[in-house]
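# Residue-level structure breakdown
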Protein chains: 2
Amino acid sequence: MLGVFDSGAGGLTVVKEILALNPGISICYVGDTARVPWGNKKPDTIIHYSRQLTKFLIKKGANTIVIACHTASSVALTAVSEIVGDVQVIDMISPSVLEGLNTTRNGKIGIIGTRTTINSKSWETALLKLKSGLKIIQKSCPLFVPIVEENLEDHPGAYEFIDLYLKEIKDLGVDTLILACTHYPFLIPQIKNYMGLNISLVNPAKSVAKSFFPNIDTGELKIYLTDQTPLNNRFFMQFKGMGNVKINTLSLEEIEHE
Amino acid sequence: MLGVFDSGAGGLTVVKEILALNPGISICYVGDTARVPWGNKKPDTIIHYSRQLTKFLIKKGANTIVIACHTASSVALTAVSEIVGDVQVIDMISPSVLEGLNTTRNGKIGIIGTRTTINSKSWETALLKLKSGLKIIQKSCPLFVPIVEENLEDHPGAYEFIDLYLKEIKDLGVDTLILACTHYPFLIPQIKNYMGLNISLVNPAKSVAKSFFPNIDTGELKIYLTDQTPLNNRFFMQFKGMGNVKINTLSLEEIEHE
């Protein structure tokens with residue numbers, strides 16, 4: 001069974017892409033909606049949460065774990081890997097970095113994500129390790145997550161903040177922009193429109209979905225959330241029509257005592 | 001010693017007002033920055049967190065507790081009161097409701113807050129209990145908190161979202177608007193500018209500060225946070241020049257095991 005965790009419901013966009021390429025595989029998803037968002041929080045806090053969620057997934061029987069959260073992939077990958085034994089851990093960084101390198105023609109790559117993701121320089125470091133001489137520009141876009149959660153991508157206020165965050169990246173003439181946060185793909189039409197025709201957007205959820213997932217049975221998608229509010233509905237909608245989806249509420253106390 | 005808790009650092013605006021009217025009293029503040037924000041979360045989750053923080057404050061020696069969070073005041077007051085024994089609990093609702101009633105001349109009162117605060121109808125219920133026949137309009141403004149946390153109140157995007165959230169309230173001709181969230185006072189100039197000269201804004205932090213705080217010694221302000229990021233600096237700045245402030249980091253594990 002494939003275990004997937006995220007700070008909230010956003011990682012379900014990753015699950016959707018995995019299921020599109022690997023139909024019917026058994027997935028257990030846990031989203032820490034009671035403590036979301038993680039994007040402005042300290043690495044130590046994110047490591048603490050990531051380990052609690054990892055232990056939960058292993059207890060549920062996961063033999064492969066996807067860290068479907070860019071912030072956790074940036075700061076908690078080592079800490080998670082230390083406690084999983086033989087279980088394989090897949091993060092959001094490596095697959096999307098390769099895709100970014102394959103995509104760029106002018107060697108100018110932009111990365112946008114949460115503050116903690118950008119501060120970690122995880123994407124930048126991974127890119128430069130594979131190819132020196134790239135021109136990398138990073139920018140945190142803290143208002144994009146709440147704008148997406150509020151379904152306000154098409155509001156004039158959203159356009160103002162897109163300009164605030166992306167102007168410098170646009171002016172630099174990057175041809176490839178990595179959307180290093182689960183919520184940002186909801187802004188693809190607006191970002192494309194702002195950045196112009198020559199931009200290629202890399203959605204790490206699609207990159208990760210191309211990974212090899214060995215020894216995973218077929219089965220259902222079980223979703224566990226530590227807090228359940230109507231805000232999550234946007235992410236559940238992606239599985240509309242899929243019969244084998246179960247949405248469960250999870251007591252945070254169970255996670256706290258992992 | 002006065003114990004004060006909030007979902008994050010925002011409740012420090014309440015502490016500032018309390019200290020302005022009660023200089024030098026001993027205060028222990030705990031802000032749950034590791035799990036902030038609470039405004040979109042379920043009442044059960046907020047009750048769980050509020051009880052953990054309350055237990056922490058009582059252990060520290062609080063003999064009066066201020067729930068310096070409007071969302072927690074809306075949904076967790078009863079649950080907190082049940083576990084405090086003789087300790088007095090002060091919430092954000094009662095003092096600001098009285099102030100709102102004293103302020104309005106035309107009987108049209110607006111209330112803005114987080115989604116969970118507004119859904120609870122706590123302010124509306126309290127107002128109508130004291131005076132029937134009021135015309136009350138409530139509106140949740142979920143983007144105001146991240147806009148304030150990002151110091152973007154003066155960005156054109158902020159003006160767009162102020163219009164989105166406050167247009168209906170303005171059109172109704174309310175003369176009194178209660179700012180039922182710790183972050184909203186940072187938007188006072190912009191809200192006044194948008195609403196026009198005839199609006200009176202009620203800041204519940206100032207209303208609560210007028211409460212009677214008996215049996216509190218003089219002493220220092222101790223601030224405990226479960227996660228500490230540069231975002232909190234804006235709230236610490238309020239105490240600049242005050243010598244007796246100590247900022248501590250607290251392990252979330254300590255709170256989880258309360």
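Details of the structure are given in the entry above.
As the structure is a computational prediction, the values presented were derived from the model and not from experiment.

With that settled, the discussion passes to the packing of helix α5 (residues 93-103) of chain A against helix α7 (residues 122-130) of chain A. Residue and element names in this part refer to chain A. The geometry of α5 relative to α7 is characterised by a closest axis approach of 10 Å and an angle of 55° between their N-to-C directions. Relative to α7, α5 is oriented oblique. Both α5 and α7 take part in a crossing whose hand is right-handed. Contacts from I93, S94, V97, G100 and L101 of α5 reach α7 at S122, W123, A126, L127 and L130.

Here we come to the interface of chain B and chain A. Across the boundary between the two partners, chain B contributes 23 residues, which contact 23 residues of chain A. Residue assignment for the side of chain B that touches chain A shows that the elements contributing at least two residues are α2 (43-60), α9 (156-172) and α13 (252-256) of chain B. For the side of chain B that touches chain A, the element with the most residues is α9(B), which contributes five residues. Across the side of chain B that touches chain A, the residue classes tally to nine nonpolar, seven polar and seven charged.

For α9(B), which comprises 17 residues, the first-to-last C-alpha distance of 24 Å matches the rise-based estimate of 24 Å (1.5 Å per residue) to within 8%. Where α9(B) bends most, at B:L166, the angle is about 55°. Within the span of α9(B), buried status applies to B:G157, B:A158, B:F161, B:I162, B:L166 and B:I169. Looking at the buried side of α9(B), the elements it contacts are α9 (156-171) of chain A together with β5 (108-113), β6 (135-140), α8 (144-149), β7 (176-180) and α10 (188-195) of chain B. Where α9(B) ends, the next residue or the one after it, B:G173, has phi of about 75°, a positive value.

Now for the sheet that holds strand β10 (residues 245-249) of chain A. All names here are of chain A. As summarised here, the arrangement of the six strands in space is β4-β3-β1-β2-β9-β10, forming an open sheet in which the pairing is parallel. Of all strands in the sheet, those with a lone pairing partner are β4 (88-90) and β10, marking the two edges. Neighbour-to-neighbour, the strand axes of this sheet turn through a mean angle of 20°, independent of strand direction. Where strand β1 (residues 2-6) lies against strand β3 (residues 64-67), four bridges are found, and the strand directions are parallel. From the neighbouring strand, F5 faces β3, where its bridge partner is I67.

The subject of this paragraph is the relation of the copies chain B and chain A. With an axial shift of 0.0 Å and an RMSD of 0.0 Å, the rotation relating chain B to chain A amounts to 180°. Such a combination of turn and shift is consistent with a two-fold rotation axis. Take the interface residues of chain B: 100% of them recur as interface residues in chain A, which is what a same-surface contact looks like.

As a further point, take helix α1 (residues 12-21) of chain B. All names here are of chain B. Most of α1 sits inside the fold, with seven of its 10 residues counted as buried. Of all the residues in α1, the buried ones are L12, T13, V14, V15, E17, I18 and L19. Here the buried face of α1 lies against β1 (2-6), β2 (27-31), β3 (64-67), α11 (204-209), β9 (221-225) and α12 (233-236).

Here is what the cut-offs are and how they apply
Residues numbered from 1 in each chain as written. Chains lettered and ligands numbered in written order. Predicted model: local features only at pLDDT ≥ 70, side-chain atom pairs only at ≥ 80, totals over all residues. Axes fitted to C-alpha atoms, helices over the stretch in contact; angles between N-to-C directions. Helix = DSSP H or I, 4+ residues; strand = E, 2+ residues; numbered from the N terminus. Parallel < 35°, antiparallel > 145°, perpendicular 65-115°, else oblique. Left-handed = near helix turned anticlockwise from the far one by under 90°. Contact = placed C-beta atoms within 7 Å. Nonpolar A, V, L, I, M, F, W, Y, C, P; charged D, E, K, R; others polar. Expected span 1.5 Å × (residues − 1). Bend = angle between axes of the 7 residues up to and from the residue. Buried ≥ 20, exposed ≤ 12 C-beta atoms within 10 Å, placed from the backbone. Pairing = 2+ DSSP bridges. Least-squares fit on C-alpha atoms with pLDDT ≥ 70 in both.

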